[in-house]
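Working through the structure, step by step
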Amino acid sequence: MSAETPAAPGQFARRKLQFRAWRGTRPFWGGLFVMLGGLPIAYFPYAHLQVGHLTLAMATTAGAGSLIIGVLLVVLGLSLWYQKHVRTFAGTAAILLALVSIPVSNLGGFLIGFLLAMVGGALAVSWAPGAPPEPQAVQEDPRGEGDAPAAAPFEAAPHESASYYEATPQESEPNVPADEASEPNDLSGTSPVSNGANGRHSAG
């Protein structure tokens, strides 16, 4: 491989480009926020906070409901990634579950899961697939062979007079013999040059 040959992209760069292309064809961020919102909603009712020698149990009587809401939010987030045609339903359901988690699951996971699920649901509902790019017209190279500018198409220069472009009919002359055409046609006989008299004519 010569020094002028560009180096092939590495494995990491290739994977990054593939992930970017995959991410751009679906509501990626909406699904991510919905899944992240379901984690604190499902976790906090079963968590125990250790403060010194004291253990604070944050479990509530609606712990099962919190777990169900959290699991549903995670499933909706995955559906937004792999089933993008249900984005409107999944986004609306995520917003409703986030609202239900406020009275059920410790104010929606101390408002953390609530806010994440609300933002993710709104992003999922508002997402729309982009239009494919239009094919661009191929531009012709203005240079001719040998890097010389291509010759412009021939255009006849307009004539100064407009009558130049009009067809001028030509009068056709009658076919006259050469000997008659050189002599004037005088029928009265008074012309001095008629009948070869050379200025002289006979009297009588």
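Worth saying up front: this structure is predicted, and the values here are computed from it rather than measured.

**Comments concerning the overall build of the chain**
What the chain contains, in helices and strands, is seven helices and two strands. The linear arrangement of helices and strands in the chain, starting from the amino end, is α-α-β-β-α-α-α-α-α. Residues counted as buried form 22% of the 204 residues belonging to the chain. The long-range fraction of contacts in the chain, counting pairs at least 24 apart against all pairs at least 6 apart in sequence, stands at 65%. Of the roughly 15900 Å² of accessible surface on the chain, 62% is carried by carbon and sulfur atoms.

**Some points on helix H2 (residues 28–43)**
Between its first and last C-alpha atoms H2 spans 23 Å; for 16 residues at 1.5 Å apiece the expected length is 22 Å, and the two agree. Buried residues along H2 sit against helix H1 (11–23), helix H3 (63–82), helix H4 (87–104), helix H5 (106–110) and helix H6 (112–126).

**Details of the confidence of the model for the chain**
For the chain, mean pLDDT is 73; residues scoring 70 or higher make up 55% of the total. Across the chain, the secondary-structure element scoring lowest on mean pLDDT is helix H7 (residues 178–182), at 51, and the one scoring highest is H6, at 93.

**Considerations on unusual backbone geometry**
Not every positive phi belongs to a glycine, and Phe110 is a case in point at roughly 55°. Owing to a relative accessible area of 43%, Phe110 belongs among the partly exposed residues under this scheme. For Leu111, which is not a glycine, the phi torsion comes out positive at approximately 65°. Along the chain, Leu111 turns up in the loop between H5 and H6.

**Examining the environment of Pro27**
When you line up the elements, Pro27 lands in the loop between H1 and H2. Classification of Pro27 as buried rests on a relative accessible area of 2%. Between the C-alpha atom of Pro27 and that of Gly77, which follows or precedes it by 50 residues, the distance is 9.5 Å.

**Observations regarding a nonpolar patch on the surface**
The grouping of Tyr46, Leu67, Val71 and Val75 at the surface amounts to a nonpolar patch, some 350 Å² of accessible area in total. Judged by relative accessible area, Leu67 falls into the partly exposed class, the value being 39%.

**Some words on the nonpolar core**
The biggest cluster of nonpolar side chains holds 14 residues, and the ones touching the most others in it are Val34, Ile69, Leu73, Leu76, Leu80, Ala94 and Leu97. At the level of elements, H2, H3, H4 and H6 are the ones that each hand at least two residues to this core. The dominant element in this core, judged by the number of residues it contributes, is H4, at five residues. Leave out the neighbours within four places in its chain, and Ala94 touches Val34, Leu73, Leu76, Ala117 and Gly121.

**Here we look at the packing of aromatic side chains**
Under the counting rule described, the total for this entry stands at nine aromatic pairs. For the pair Phe28 and Trp29, a centre-to-centre distance of 5.1 Å together with 80° between the ring planes defines the contact as edge-to-face. For Phe28, a relative accessible area of 9% translates into the label buried. Each member of the aromatic cluster is reached from another via a ring pair, and the members are Phe19, Trp22, Phe28, Trp29, Trp81 and Tyr82.

Conventions we followed
Residues numbered from 1 in each chain as written. Predicted model: local features only at pLDDT ≥ 70, side-chain atom pairs only at ≥ 80, totals over all residues. Heavy atoms only, no water. Helix = DSSP H or I, 4+ residues; strand = E, 2+ residues; numbered from the N terminus. Buried < 20%, exposed > 50% of the residue type's maximum accessible area, 1.4 Å probe, protein only. Contact = heavy atoms within 4.5 Å. Areas by Shrake-Rupley, 256 points an atom, 1.4 Å probe, with all protein chains shown as cover. Expected span 1.5 Å × (residues − 1). pLDDT = per-residue confidence, 0-100. Patch = residues over 30% accessible without salt bridge, like charges linked within 9 Å, V, L, I, M, F, W, Y side chains within 5 Å. Salt bridge = Lys/Arg side-chain N within 4 Å of Asp/Glu carboxyl O. Core = buried A, V, L, I, M, F, W, Y, C linked by side-chain atoms within 4.5 Å. Phe/Tyr/Trp six-rings, centres within 6.5 Å; stacked < 30°, edge-to-face > 60°.

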